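Each chain, letter by letter, is given below.
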Amino acid sequence: MSEMTTYDVIIAGGGIAGAFLARQLKLERPSLSILVLEQARDIDNLKVGESTVEVAAHYMITRLNLGTYLYQHQLPKNGLRFFFDNADKSLPLTRMSEIGSDHMPYCPSFQLERAALERDLVDLNRAIGIDVQLGAKVVEVAVGSPHRVVYEDGEQEKVRHEVSARWLCDATGRRHLLPRALGHKVHKEERLPTAAAWGRYRNVAGLDAPTDPEWRQRVRWTSRHLSTNHLMYDGYWIWFIPLAGDLMSVGVVYDKSRIGDSVRTKPAFEAFLREHRAVRDLMEGAVFEDFQAYAHLPYRSDVYFSEDRWALTGEAGAFTDPFYSPGSDFIATANEFIASMIASDLDGDAEAFRTKVATYNDYYRFKYESTIRLYIDLYPIFGSYDVFRLKFWLDFNNYYNLVLWPFMAGKLRDVAFLRDELRFADRILMAQSTMARQFVALADKLRDSGEYFARNEGLFANGLDGVRSLEKRVGPMLDELVRRDQVQKNYGSVFARVLERSTGKTDLAARDLVLKELPFPAVVLWKDIDEKSVGVFFERLGLRLKKELAREFPTAPIERVRVRDDLSLEITGDLDAELRSTVEARAFVLWQTTVLVD
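In this text the structure is predicted, and so the values were computed from the model without any measurement.

The rules behind the values
- Residues numbered from 1 in each chain as written.
- Predicted model: local features only at pLDDT ≥ 70, side-chain atom pairs only at ≥ 80, totals over all residues.
- Heavy atoms only, no water.
- Helix = DSSP H or I, 4+ residues; strand = E, 2+ residues; numbered from the N terminus.
- Rg over C-alpha atoms; globule rule 2.2 N^0.38 Å.
- Buried < 20%, exposed > 50% of the residue type's maximum accessible area, 1.4 Å probe, protein only.
- Contact = heavy atoms within 4.5 Å.
- Axes fitted to C-alpha atoms, helices over the stretch in contact; angles between N-to-C directions.
- Parallel < 35°, antiparallel > 145°, perpendicular 65-115°, else oblique.
- Left-handed = near helix turned anticlockwise from the far one by under 90°.
- Nonpolar A, V, L, I, M, F, W, Y, C, P; charged D, E, K, R; others polar.
- Phe/Tyr/Trp six-rings, centres within 6.5 Å; stacked < 30°, edge-to-face > 60°.
- Lys NZ or Arg CZ within 6 Å of the ring centre and 35° of its normal.
- Pairing = 2+ DSSP bridges.
- Polar contact = N/O pair within 3.5 Å; in protein donor to acceptor, adjacent residues only side chain to side chain.

### A closer look at the overall build of the chain
No. 1: Helices and strands together make up the secondary structure of the chain, namely 19 helices and 23 strands.
No. 2: A globule of 598 residues ought to have a C-alpha radius of gyration of about 25 Å, and the chain, at 27 Å, matches this closely.
No. 3: Projected onto its principal axes, the C-alpha positions of the chain cover 100 × 60 × 40 Å.
No. 4: In the chain, which comprises 598 residues, the share counted as buried stands at 56%.
No. 5: Taking the intrachain contacts of the chain between residues at least 6 apart in sequence as the baseline, contacts between residues at least 24 apart amount to 75%.

### Points about the packing of helix α2 (residues 54–63) against helix α12 (residues 385–408)
When two helices pack together, you describe them by how their axes are tilted relative to each other and by the distance separating the axes.
No. 1: Closest axis-to-axis distance for the α2/α12 pair is 10 Å, and the angle between their directions is 20 degrees. Taken as axis vectors, α2 and α12 run roughly parallel relative to one another. The two elements α2 and α12 cross, and the hand of that crossing is right-handed. Taken together, the residues of α12 that come into contact with α2 (itself represented by Glu54, Val55, His58, Tyr59 and Arg63) are Phe396, Tyr399, Tyr400, Val403, Leu404, Phe407 and Met408.
No. 2: By residue class, the composition of the contact of α2 with α12 is nine nonpolar, one polar and two charged.

### A short note on the packing of aromatic side chains
No. 1: Tallied over the full model, the rule gives 42 aromatic pairs.
No. 2: When the ring of Phe82 is compared with that of Phe388, the centres are 4.9 Å apart and the planes differ by 55 degrees; the resulting orientation is tilted. Residue Phe82 is found in strand β4 (residues 80–84), and its partner Phe388 is found in helix α12; the two are separated by 306 residues along the sequence. With respect to burial, Phe82 and Phe388 carry one shared label: buried.
No. 3: Sitting above the plane of the Tyr294 ring, Arg174 keeps its charged end 4.1 Å from the centroid.

### Description of the sheet that holds strand β13 (residues 228–233)
No. 1: Read across the sheet, eight strands follow the order β16-β12-β15-β14-β13-β4-β5-β21 without closing on themselves; strand pairing throughout is mixed. Only two strands of the sheet have a single neighbouring strand rather than two, namely β16 (287–294) and β21 (460–462). Neighbour to neighbour, the strand axes of the sheet diverge by 15 degrees on average, direction disregarded.
No. 2: Where strand β14 (residues 236–242) lies against strand β15 (residues 247–255), seven bridges are found, and the strand directions are antiparallel. Of the residues in β15, the one forming a bridge with Trp239 is Gly251.
No. 3: The sheet contacts of α12 involve β4, β5 (97–100), β13 and β21, and relative to β5 the element is tilted by about 5 degrees.

### Structural notes on the side chain of Arg81
No. 1: Inspection of the secondary structure assignment puts Arg81 in strand β4.
No. 2: Relative accessible area serves as the criterion here: at 0%, Arg81 is assigned to the buried category.
No. 3: Here the side chain of Arg81 touches Glu98 through a polar contact of 2.8 Å, side chain to side chain.
No. 4: Look past the residues within four positions of Arg81 in its chain and what remains in contact with it is Glu98, Ile99, Gly100, Ser101, Val219, Ser223, Arg224, Ser227, Thr228, Asn229 and His230.

### Points about α2
No. 1: In terms of burial, α2 is largely enclosed, as seven of its ten residues are buried.
No. 2: For α2, the elements touching its buried residues are α1 (16–28), α3 (67–73), β6 (110–111), α10 (327–346) and α12.
No. 3: Positive backbone phi, approximately 55 degrees, marks Asn65, located one or two places after α2.

### Quick notes on the side chain of Arg511
No. 1: Structurally, the position occupied by Arg511 is in the loop between α15 (480–503) and α16 (512–516).
No. 2: According to the relative accessible area criterion, Arg511 is buried, its value standing at 3%.
No. 3: Not counting the four nearest positions on each side in its chain, Arg511 is found in contact with Leu567, Trp591, Gln592, Thr593 and Thr594.

### Remarks on the sheet that holds strand β20 (residues 318–319)
No. 1: One open sheet accounts for three strands, arranged β11-β17-β20; its pairing is antiparallel. Pairing within the sheet leaves two strands with one partner each, and these edge strands are β11 (186–188) and β20.
No. 2: Strand direction decides the pairing type here: β11 and strand β17 (residues 299–301), joined by three bridges, are antiparallel. Bridge assignment links Val186 to a residue of β17, and that residue is Ser301.

### Things to note about the environment of Leu117
No. 1: Structurally, the position occupied by Leu117 is in helix α4 (residues 114–127).
No. 2: Residue Leu117 is classed as buried on the basis of its relative accessible area of 0%.
No. 3: Here the alpha-carbon distance between Leu117 and His73, two residues 44 residues apart in the chain, equals 8.4 Å.
No. 4: Setting aside chain neighbours within four positions, we find Leu117 in contact with Ile16, Phe20, Tyr69, Gln74 and Leu112.

### A few points about the packing of helix α14 (residues 425–448) against α15
No. 1: Orientation of α14 relative to α15, taken along the N-to-C sense of each, is 20 degrees, at an axis distance of 10 Å. On the basis of their axis angle, the class for α14 and α15 is roughly parallel. The chirality of how α14 crosses α15 is left-handed. Side by side, α14 and α15 meet where Ile428, Ala431, Gln432, Met435, Gln438, Phe439, Leu442, Lys445 and Leu446 of the first sit next to Tyr491, Val494, Phe495, Val498, Arg501, Ser502 and Thr503 of the second.
No. 2: Split by residue class, the contact of α14 with α15 holds ten nonpolar, four polar and two charged.

Any functional reading would require information beyond the geometric quantities listed.
Below is the structure:
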């Protein structure tokens, strides 16, 4: 046993969660002594989790100073892209309905070849004074003041080292070093029974391989290949994610309650892929590199940060689902919290430290819950362009307003801001559950009527339209009024579209009066879209129209305004012919007034 060395911070795990945390801490406080213990001697195994989204990209560029590195050594990402097949899984890629963009998103993100990045981070972090030990297996942990860690290294003869630190951070991923050492339960998420299988391949035809000029022109010849590409099906989705060089990550995430659990071996995985025409076309001639699988994806811890000066980051603490690629966002959030807590602790501000530990735990639990609800019960809607487009519109707008904008504005460490956000947590979770129920009900209705796949061929929706109004707003200055107004309007707008599709009334969702009658509370509290609830809603529309007309024609004896099933109007009351004509003309204008809805 070598003589014990003491550090300010020991980080167990040298993947991106641990390496990012070490780099952030050292850049913010250069005087810190930091030890990173990575069990692997050679970082050469390919890892899943290649796709990042906007929060993680902003974190890497602004907090970690990795912008130049990322553009030189990794791939820029052209947003999220979704393709929808027919019931027989026989459509070629160029005929699938698509949600994507026709230009690079204005907030950057990247596709990461994780092994290369983590190898490079060893050198980059050592260059700024971080002690990174490879082949260092942690064999003993004693949480205390200070924390004590024993690790072994050496290829032939194992050498034991004992080190100590004021702070101990677990970035060991699914090994859950600290939760196991402390006897803390890691909860398997039973509400979302998803699993995944994936491989890396070379010589895969990229998503830009089809030469159909009309199809390429649809996105103005920008690169679909650079997107995180999702092929969407009832109960599962297949990803194609490009990596630097000739690598392509190909995987499937599936709801075991929907399609069973028979995709967990390489032969079964590749046989499953071959059932899909578009996948077969893309994979023709592909050269296999590796294969991995997880039998169950989501889980969570109870506590992520402790007043005893330990913390969990990345998959050591929680994982939800790879859909929308939130994993690296969770890393960015946890690392921001950890850096903030360590700063208060080292500054001797005990009250701020205790407050941060409590608030950050509460917010991280909320982040987990609000993220997991993006997926619970919703895999059965993924195969319908009709339904998923509405969900994506809601989720994307909410991400920009509720997640990205506060992060870019530097609000994530602000305890007062987080507490204010948590005041609305129950409302947000209730709204998510309401909309999830409506999406599932709409998908079931379309499935029963044979329309689930009706719009899965030949259509295109620009996925960036849902956040177009935020393009010039999202940044370092947070406008609370605009942000919350956007969220509430977005819920009303999406609910109006669900209502329109559920009722078959195709000229409903863009009407100004309809949207005014769907404020956030009304959306949250609406249970089932059925004949009774729609009838009540139409009565409310009639009352709103009557009030509008009474304001403009205060002496007109208008008894009732009724919106008929065909969306025409009926006005009753003892009006003479001339006044009736005038009132009806104005009612028509009010009823026909629309707002811009993409």
